[in-house]
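# Chains, contacts and geometry: an overview
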Amino acid sequence: MKKWLIALGVFISVSAHAQFGFYGQAGGNYTHLGLKDATGTLDSKGGFGGQLGGGVEYHTHFNYFLYLGVNVAYETFKLDSSATGFSSVVTTATYKPLFVSIPFGFAYQFDFSKNLGLKLYGGMDVQFGIGGKIDKHSTYYVQDSVTGAPVKVRESSNSSSIAYGRTSNKEATFDLANANMGFNLGAGLNFSKSVEVYAMYRFGLKNILPGGESASEQSWLSMLQLNLKIYIPQHYYHTSKEKPYAHKEYY
């Protein structure tokens, strides 16, 4: 019984000193489609984009945080069809997806001084596709009957909206999976408990290309973000090093 009373007392004390803080943020990103292609016909390249969003943090005097955010992210990456040997069609597709991302996890802040801290992040996020487009450029070849070398005969380009769907359907006609989960790791510098500059690396866990786990290739969407975060209202939390206001008496 005594242990339960002590635990209850600690919980009440932590809850009484914990505070919620809201923030808005914006920044840029570099996205890369990781790819392990069993057939050796695909290659990928990264690209730059950006994100805009906000969230809430729950902070205690132990300098631990829980965070939950919502971002709209514009990302870019390329997928090349370049088979070994002769191929009659080689296609380069530039994907420009638009995702809603929901990051969540925990953080810990090391206070260097009253106005400067280093915050370390760890957690997960889920991305949901809401829009975007694909630009495709295809080059058509025939094989020279004497030398065997490819001879270009024509080219074509087209643009279309991205179709999102379920990864479990091997015969799917969609372009990208409609949901994608990943791990997040990051670090940031917090200035005056009001503004923070932080970097976050995201590693995707599920196949995002059509076919899901039954596809011949394995794919994962990774992203490096650099964000500027502004707390609203500013200076919303106090660190464990700060002491409460002491009443002074004057004689």
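All values reported here derive from a predicted model rather than from experimental measurement. (Residues numbered from 1 in each chain as written. Predicted model: local features only at pLDDT ≥ 70, side-chain atom pairs only at ≥ 80, totals over all residues. Heavy atoms only, no water.)

What follows covers empty space enclosed by the protein. Going through the model one piece at a time under the given rule, you end up with two cavities of 30 Å³ or more. The space that makes up the largest cavity amounts to roughly 120 Å³. Forming the walls of the largest cavity are 13 residues, and the residues nearest its centre are Q25, N71, P103, Y198 and M200. Breaking the lining of the largest cavity down by element, the ones donating at least two residues are strand 1 (19–37), strand 3 (64–74), strand 5 (89–113), strand 6 (116–143), strand 11 (195–204) and strand 12 (217–232). (1 Å grid on protein atoms, 1.4 Å probe; cavity = no way out; pocket = protein on both sides within 12 Å on 5 of 7 lines; lining within 4 Å. Points joined across faces, edges and corners; volume = space filled by probe spheres on them. Helix = DSSP H or I, 4+ residues; strand = E, 2+ residues; numbered from the N terminus.)

What follows is about the pairing of strand 11. Judged by which residues are buried, strand 11 turns out to be one-sided: E196, Y198, M200, R202 and G204 face inward and are buried, whereas V195, V197, A199, Y201 and F203, on the alternate face, are not. Pairing analysis gives 10 bridges linking strand 10 (residues 179–191) to strand 11, with the strands arranged antiparallel. Opposite G188, over in strand 11, you have Y198 as the bridge partner. Between strand 10 and strand 11, which pair antiparallel in sequence order, lie three residues; one of them, S192, sits at a positive phi of approximately 55°. (Buried < 20%, exposed > 50% of the residue type's maximum accessible area, 1.4 Å probe, protein only. Pairing = 2+ DSSP bridges.)

A few words on the nonpolar core. Of all hydrophobic cores here, the largest spans 14 residues; its most connected members are L33, F77, Y95, L176, I208, L209 and L221. Mapped by element, the contributors of at least two residues to this core are strand 4 (77–81), strand 5 and strand 9 (176–177). Examining the composition of this core, we find that three residues originate from one element, strand 5, more than from any other. Discounting chain neighbours no more than four positions away, the residues touching L176 are F77, Y95, P97, I162, A163, Y164, G165, I208 and L209. Y67, Y121, Y198 and M200 belong to the second largest nonpolar core, which has six residues in total. (Core = buried A, V, L, I, M, F, W, Y, C linked by side-chain atoms within 4.5 Å. Contact = heavy atoms within 4.5 Å.)

Another point: a nonpolar patch on the surface. A surface patch of nonpolar side chains, amounting to about 1,100 Å² of accessible area, comprises F20, F22, F110, F112, L120, L189, F191, V197, L226, L228, I230 and I232. For the nonpolar patch, the element with the highest residue contribution is strand 12, accounting for four residues. Mapped onto the fold, F20 is located in strand 1. A residue is classified by how much of its surface remains accessible, and F20, at 56% relative accessible area, is exposed. (Patch = residues over 30% accessible without salt bridge, like charges linked within 9 Å, V, L, I, M, F, W, Y side chains within 5 Å. Areas by Shrake-Rupley, 256 points an atom, 1.4 Å probe, with all protein chains shown as cover. Salt bridge = Lys/Arg side-chain N within 4 Å of Asp/Glu carboxyl O.)

Let us look at the packing of aromatic side chains. One pass over the structure, following the stated rule, counts nine aromatic pairs. Taken together, the ring pairs in this structure connect Y64, Y108 and F110 into an aromatic cluster. If you follow R154 out to its NZ or CZ, it ends over the ring of Y140, 3.8 Å from the centre. The ring of Y198 carries K229 above its face, with NZ or CZ at 4.8 Å from the centroid. (Phe/Tyr/Trp six-rings, centres within 6.5 Å; stacked < 30°, edge-to-face > 60°. Lys NZ or Arg CZ within 6 Å of the ring centre and 35° of its normal.)

One pass over the full model with this rule turns up five salt bridges. With a shortest N-O distance of 3.2 Å, D135 and K96 are connected by a salt bridge. On the criterion of sequence distance, the pair formed by D135 in strand 6 and K96 in strand 5 is long-range, its members being 39 residues apart. In this structure K96 comes out as partly exposed when scored by relative accessible area, which is 23%. Shared partners join several salt bridges into a network, and the residues in it are E57, K119, E196 and K229.

Relative to the helices and strands, Q127 resides in strand 6. When its relative accessible area of 1% is taken as the criterion, Q127 is described as buried. Among the polar contacts made by the side chain of Q127, one reaches the side chain of E75 at a distance of 2.9 Å. Those residues in contact with Q127 that sit more than four places away from it in its chain are E75, F99, V100, S101, N178, A179, N180, R202, L221 and M223. (Polar contact = N/O pair within 3.5 Å; in protein donor to acceptor, adjacent residues only side chain to side chain.)

Here we take up the side chain of D175. Within the fold, D175 resides in the loop between strand 8 (164–165) and strand 9. For the buried D175, which has no salt bridge, the nearest side chain bearing the opposite charge is K136, at an N-O separation of 4.9 Å. Setting aside anything within four residues of it in sequence, one finds D175 in contact with Y95, I134, S161, I162, A163, I208, L209 and P210. (Lys, Arg positive; Asp, Glu negative; His and termini not counted.)

Here the chain averages 80 in pLDDT, while 76% of its residues score no lower than 70. Confidence drops under pLDDT 50 across residues 10–17; counting only partners more than four residues distant or on other chains, this segment forms five contacts. Note that residues 239–251 has pLDDT below 50 and, in this model, 10 contacts with residues that lie over four places away or in other chains. (pLDDT = per-residue confidence, 0-100.)

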